[in-house]
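Coordinate analysis (summary)
If you want the building blocks of each chain, they are given just below.
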Amino acid sequence: MRILIMKGRSQYGGTRLFVDEAAAAFGRQAHDVEILDLTQSDSAGTQVLAHAPTARVDLVFTINIAGEFRDSLGRTIPDLYGAPHVVWHTDYILSQAERLHATPGSTALLLVDPTQVEAVKSIYGDERFDHVAFFPHPAVGEPSADDATLAEFVARRPIEVLWSGSFQKPEPPWVDVAGPVRQVLQDALDLALAIEWIPPHEAMDTVLVSRGMDLNDPVNRGAREAAFMIDMEVRKTRRFEFLKATAKTGVPLRICGAGWESQLYRFKNVTYDGAVEMTRMAELMRQSRLVLNTNGNFGAGSHERPFSASLAGAATFSDLSRYYAQVFEPGANIELFHWKNLASGMERLQALAADPRRCFEYARSAKAVTLAGHTWDRQIDRILAAGEAVRTA
């Protein structure tokens, strides 16, 4: 099969690395893969229009981008290339509402949390898109060499605990919103923070229904899409709670990411690298015993970090995701904490960070799980299946 993958811009090179990993995996299955790097021109649209007439492809795959593309004649990516287009959205999907509005129904959507699939179908209707499905993050980076013994694990991994990601301090929300709308948003946020986890669209819908709004009335679609604001505030609030609680534990940390400078005073034992590319992050994981993860409020889905850490031979400590609880064995090859019992989670973090043997055992088991089902080689059939689903729709 001839597969075209478009590569766009990316903070820390994340999605660009995903493209390279996907292309390599398709290539190992004997597909003919071309990468079109849309950063090589001042106008990505012009680049696409120049490329399409020269290309013969059977599938177009993009990450976050180009689903909404239309030229001056209204032609979409499937129109221009005469092939199915599959878009994998790695951000919270309702934050991409404008893109969704412009994306043709014949484009297949892959999302990183199954409840986001439910949100799209609930808000836009089952018939809006021919195919919407869950696509969990595959691991990135090269598999680490196996550590044969505990002593080897410790010697190869001088970083005791690694934490990566940008810092975003919560600010008073809704400052530019007035009246009843502001109260609706606040009530939805209060609901979401009061319990362990609720999909953001369900929190918003619950409040809207309590105000007598009909969820099936298209006029209310915009109000339902505002769930992305709940997602954003929950994510920032809980990540800040995690930061403060982790700092109090005193565990030795290596932190990578932008914006942490104002917070480093909280930590007793920290090395700060600043922002690093994802390729560098994968290298650091191979030098780490334990990697921290917060899941971006994707409480039923995935982030690449636990799988990448496992592939790198490190143990993972993360907030609960239904998906992690399904594919790993909590307490045997991953440690999962609950937001509503963060104090207990911090006790378990301290215990795990101080126990290299348990990190070693977790890491060996989690790596086997990841290699068996959560690399790009293991996941690309989902992309091919999505393409076939819209090809035959």
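Here goes a summary of the coordinates provided. The numbering scheme is per chain: residues are counted from 1 as the chain's sequence reads. Local features in this predicted model are restricted to residues whose pLDDT is 70 or higher, and side-chain atom pairs enter the listing and the counts only when it is 80 or higher, whereas totals over whole chains, interfaces and linings include all residues. Note that water and hydrogens are dropped before the side-chain values are worked out from all heavy atoms of the structure.

Let's talk about the overall build of the protein chain
Think of it this way: any DSSP run of H or I at least four residues long counts as a helix, any run of E at least two long counts as a strand, and we number them from the N terminus. Tallying secondary structure elements over the protein chain gives 16 helices and twelve strands in all. Against the compact-globule benchmark of 21 Å for 393 residues, the protein chain has a radius of gyration of 22 Å, which places it among compact chains. Principal-axis analysis of the C-alpha atoms places the extent of the protein chain at approximately 60 × 55 × 35 Å. In this description, contact between two residues means that some pair of their heavy atoms is separated by no more than 4.5 Å. When contacts within the protein chain are restricted to residue pairs at least 6 apart in sequence, those whose partners lie at least 24 apart make up 67%. Put simply, the protein chain has 41 plus and 49 minus side-chain charges, and the middle of one group is 4 Å from the middle of the other. Restricting the calculation to C-alpha atoms gives the radius of gyration, and the globule rule supplies 2.2 Å times the number of residues raised to the power 0.38. The positive count covers Lys and Arg only, the negative count covers Asp and Glu only, and His and the chain ends enter neither. By convention, the charge on Lys lies at NZ, on Arg at CZ, on Asp at CG and on Glu at CD.

What to know about the sheet that holds strand E5 (residues 108-111)
Any two strands with at least two DSSP bridges between them are considered paired. Strand order in the open sheet formed by six strands is E2-E1-E3-E4-E5-E6, with parallel pairing between adjacent strands. This sheet does not close on itself; its edge strands, each paired only once, are strand E2 (32-37) and strand E6 (132-134). This sheet shows a mean twist of 20° between the axes of neighbouring strands, independent of strand direction. Pairing of E5 with E6, which is carried by three bridges, proceeds in the parallel orientation. Bridge assignment links Leu-111 to a residue of E6, and that residue is Phe-134. Here helix H1 (residues 14-28) sits on the sheet in contact with strand E1 (2-7), E2, strand E3 (59-63) and strand E4 (85-89), set at roughly 170° to E1. An axis is simply a line fitted to the C-alpha atoms; with a helix, the fit covers only the stretch in contact. Between two such axes, the angle follows the N-to-C directions and lies from 0 to 180 degrees. Across the sheet, helix H16 (residues 376-391) is in contact with E1, E3, E4, E5 and E6; its angle to E3 comes to roughly 120°.

Comments concerning helix H14 (residues 342-353)
Given 3.6 residues to a turn, an α-helix orients residues that are three or four positions apart in the same direction. Expected span of a helix: the number of residues minus one, times 1.5 Å. The terminal C-alpha atoms of H14, which comprises twelve residues, lie 16 Å apart, in line with the 16 Å expected from a rise of 1.5 Å per residue. Of all the positions in H14, only Leu-342, Gly-345, Met-346, Leu-349, Leu-352 and Ala-353 are classed as buried. Down the axis, H14 shows its buried residues gathered within 125° of arc, on one side only. Facing away from the buried side of H14 by over 90 degrees, the exposed positions are Ala-343 and Glu-347. For H14, the elements touching its buried residues are strand E7 (159-164), helix H10 (227-249), strand E10 (288-293), strand E11 (315-319), strand E12 (335-337) and helix H15 (356-373). Note on exposure labels: buried denotes an accessible area under 20% of the residue type's maximum, exposed denotes more than 50%, and partly exposed covers the range between, all computed with a 1.4 Å probe on protein chains only. The directions from the helix axis to the C-beta atoms form the arc being described.

Section: the environment of Pro-136
One can find Pro-136 in the loop between E6 and helix H6 (150-156). On the basis of relative accessible area, Pro-136 is assigned to the buried category, the value being 0%. Sequence-wise, Pro-136 and Leu-110 are 26 residues apart; in three dimensions their C-alpha atoms are separated by 8.8 Å. Look past the residues within four positions of Pro-136 in its chain and what remains in contact with it is Trp-88, Ser-302, Tyr-323, Gln-379 and Arg-382.

Quick notes on the packing of H10 against H14
The contact between H10 and H14 brings their axes to 10 Å, and the two run at 45°. Looking at the two axes, H10 sits oblique to H14. Here the hand of the crossing between H10 and H14 comes out right-handed. Contacts between H10 and H14 involve Glu-241, Phe-242, Ala-245, Thr-246 and Thr-249 from the first element and Leu-342, Met-346, Leu-349 and Gln-350 from the second. Each residue receives one of three labels: charged for Asp, Glu, Lys and Arg, nonpolar for Ala, Val, Leu, Ile, Met, Phe, Trp, Tyr, Cys and Pro, and polar for the others, Gly being one of them. Its residues assigned to classes, the contact of H10 with H14 comprises five nonpolar, three polar and one charged. Orientation categories follow fixed angle ranges, with anything under 35 degrees roughly parallel, anything over 145 roughly antiparallel, 65 to 115 roughly perpendicular, and all other angles oblique. Each crossing gets its handedness from the near helix: less than a right angle anticlockwise from the far helix is left-handed, clockwise is right-handed.

Observations regarding helix H2 (residues 44-51)
Along H2, the residues classified as buried are Gln-47, Val-48 and His-51. An end-on view of H2 places all buried positions within 100° of arc, on one side of the element. Set apart from the buried face of H2 by more than 90 degrees, the exposed residues are Thr-46 and Ala-50. Contact partners of the buried residues in H2: E1, E2 and helix H3 (77-81).

Details of the sheet that holds E11
In spatial order, the strands read E9-E8-E7-E10-E11-E12; together these six strands make up an open sheet with parallel pairing. The sheet is open, and its two borders are formed by strand E9 (270-274) and E12, each paired with just one other strand. The mean angle between the axes of side-by-side strands here comes to 20°, regardless of whether they run parallel or antiparallel. In this structure, E10 lies alongside E11, joined through four bridges in parallel fashion. Bridge assignment links Leu-290 to a residue of E11, and that residue is Ala-315. Along the sheet, H14 contacts E7, E10, E11 and E12; its crossing angle with E12, the most-contacted strand, is approximately 160°.

Overview of the nonpolar core
Among buried residues, those of type Ala, Val, Leu, Ile, Met, Phe, Trp, Tyr and Cys that are joined through side-chain atoms within 4.5 Å constitute a nonpolar core. In terms of nonpolar packing, the biggest core is built from 57 residues, with Phe-61, Trp-88, Met-204, Ile-230, Trp-376 and Ile-383 touching the most fellow members. It is H1 that contributes the most residues to this core, seven residues altogether.

Examining the packing of aromatic side chains
Stacked, tilted and edge-to-face are the three classes applied to pairs of Phe, Tyr and Trp rings, where Trp contributes its six-membered ring and a pair requires centres within 6.5 Å; stacked means planes under 30 degrees apart, edge-to-face means over 60, and tilted covers the rest. A complete count under the given rule lists 20 aromatic pairs for this structure. Relative to Trp-376, the ring of Trp-88 lies with its centre 5.7 Å away and its plane at 80°, an arrangement referred to as edge-to-face. Here the residue Trp-88 occupies a position in strand E4, and Trp-376 occupies one in helix H16, the gap between them amounting to 288 residues. In terms of burial, Trp-88 and Trp-376 fall into one category: buried. Taken together, a centroid distance of 5.4 Å and an interplanar angle of 45° make the contact between Phe-153 and Phe-360 tilted. A residue pair is termed long-range when its members are at least 10 positions apart, and Phe-153 in helix H6 and Phe-360 in helix H15 qualify at 207 residues. The burial state of Phe-153 is the same as that of Phe-360; both residues are buried. Chaining the aromatic ring pairs together yields one cluster made of Trp-163, Phe-167, Phe-240, Phe-242, Trp-260, Phe-267, Phe-317, Phe-337 and Trp-339.

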